[in-house]
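Fold and contact review
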Amino acid sequence: MANPFSVRWLEGWTFQTVLMDGAVQVEAHGFGICLRTPVLPGESPVTAADRLVLAEDRRRKTLRAAWLRGRNLPESVGAPDLEGAAPEIGSIIRVHA
């Protein structure tokens, strides 16, 4: 009997196993990006691919939620005026005391 259910969350991704920097890695291509992760000891390439796509899915959902939170801020809350705010030294790091 065949399983009538399928999980489609890997749809749109293609995977390949590569040997890079002396380690076996899984490379995923999809949605305009390429992701890589090492195959951990005791882990199969399929499990590594699943872990990689799950981490990317979580990252994208977190970024979207942050974007939605920022989009719902009132108009008066915005980026601070940075004119003349650059430190006198040529550093891009500014420490506020």
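All residue numbers here refer to positions counted from 1 along the written sequence of the relevant chain. In view of the model being predicted, local features appear only for residues whose pLDDT reaches at least 70, and side-chain atom pairs are presented and counted only at 80 or more, with totals across whole chains, interfaces and linings using the full set of residues. To get the side-chain values, take all heavy atoms of the structure and skip hydrogens and water.

Think of it this way: any DSSP run of H or I at least four residues long counts as a helix, any run of E at least two long counts as a strand, and we number them from the N terminus. Of the regular secondary structure elements, the chain holds one helix and three strands. Relative accessibility decides the category of a residue: with a 1.4 Å probe and only protein chains considered, values under 20% of the type maximum give buried, values over 50% give exposed, and everything between is partly exposed. Burial status across the chain gives 16% buried among its 97 residues. Here, residues are in contact when the closest pair of their heavy atoms is within 4.5 Å. A fraction of 18% describes how many contacts in the chain between residues 6 or more apart in sequence connect residues 24 or more apart. Accessible surface area values rest on a Shrake-Rupley calculation with a 1.4 Å probe, where residue burial reflects the displayed protein chains alone. Element-wise, carbon and sulfur atoms account for 59% of the exposed surface of the chain, whose accessible area totals about 8400 Å².

In this scheme, strands are said to pair when DSSP sees at least two bridges between them. An order of S1-S2-S3 is seen for the three strands of this open sheet, with the pairing classed as antiparallel. Strand pairing shows two members of the sheet lacking a second neighbour, strand S1 (14–20) and strand S3 (33–38), which therefore form its edges. On average, each strand axis in the sheet is inclined to that of its neighbour by 25 degrees, with strand direction left out of account. Strand direction decides the pairing type here: strand S2 (residues 23–30) and S3, joined by six bridges, are antiparallel. Bridge pairing in S3 links Gly30 to Ile33. Axis angles are defined between N-to-C directions and span 0 to 180 degrees, where every axis is a line fitted to C-alpha atoms and, for a helix, only to the segment in contact. Across the sheet, helix H1 (residues 45–71) is in contact with S1, S2 and S3; its angle to S3 comes to roughly 125 degrees.

All right, on to the environment of Leu35 then. Counting through the fold element by element, Leu35 comes out in strand S3. Taking C-alpha positions, Leu35 is 9.5 Å from Phe15, a pair spaced 20 residues apart along the chain. Residues in contact with Leu35, not counting those within four places in the same chain, are Trp13, Val26, Glu27, Ala28, Leu52 and Glu56.

All right, on to H1 then. To estimate the expected span of a helix, count its residues, drop one, and scale the result by 1.5 Å. Across its 27 residues, H1 extends 39 Å between first and last C-alpha, which sits within 8% of the 39 Å expected from 1.5 Å per residue. Every buried residue belonging to H1 is among Ala48, Ala49, Leu52, Val53 and Glu56, and all of these are buried.

Next up on the list: the packing of aromatic side chains. Think of a pair of aromatic rings as described by two things: how far the centres are apart, and how the planes are tilted against each other in angle. The criterion for an aromatic pair is that two Phe, Tyr or Trp rings (for Trp, the six-membered ring) have centres within 6.5 Å, with stacked assigned to planes under 30 degrees apart, edge-to-face to planes over 60 apart and tilted to the rest. Per the stated rule, a full pass over the model turns up one aromatic pair. Measuring from ring centre to ring centre gives 5.5 Å for Trp13 and Phe31, while their planes differ by 70 degrees; the resulting arrangement is edge-to-face. A residue pair is termed long-range when its members are at least 10 positions apart, and Trp13 in the segment before S1 and Phe31 in the loop between S2 and S3 qualify at 18 residues.

Below, the discussion takes up the side chain of Gln25. Topologically, Gln25 is positioned in strand S2. Exposure remark for Gln25: the relative accessible area of 13% places this residue in the buried category. In this structure, Gln25 is in contact with Gln16, Thr17, Val18, Met20, Arg36, Thr37, Pro38 and Val39, ignoring residues within four places of it in sequence.

What follows concerns the pattern of salt bridges. A pair is scored as a salt bridge if a Lys or Arg side-chain nitrogen falls within 4 Å of a carboxyl oxygen belonging to Asp or Glu. For the structure on display, the rule yields five salt bridges. Across the pair Arg51 and Glu43 runs a salt bridge, and its minimum N-O distance is 3.0 Å. Given a relative accessible area of 18%, Glu43 falls into the buried group. Residue Glu56 is joined to Arg60 by a salt bridge in which the shortest nitrogen-to-oxygen separation is 2.7 Å. Placement of both Glu56 and Arg60 in helix H1 is noted, with a separation of four residues, approximately one turn of the helix. Residue class for Glu56 comes out buried when judged on its relative accessible area of 6%. Salt bridges sharing partners connect three or more residues here, namely Glu56, Arg59 and Arg60.

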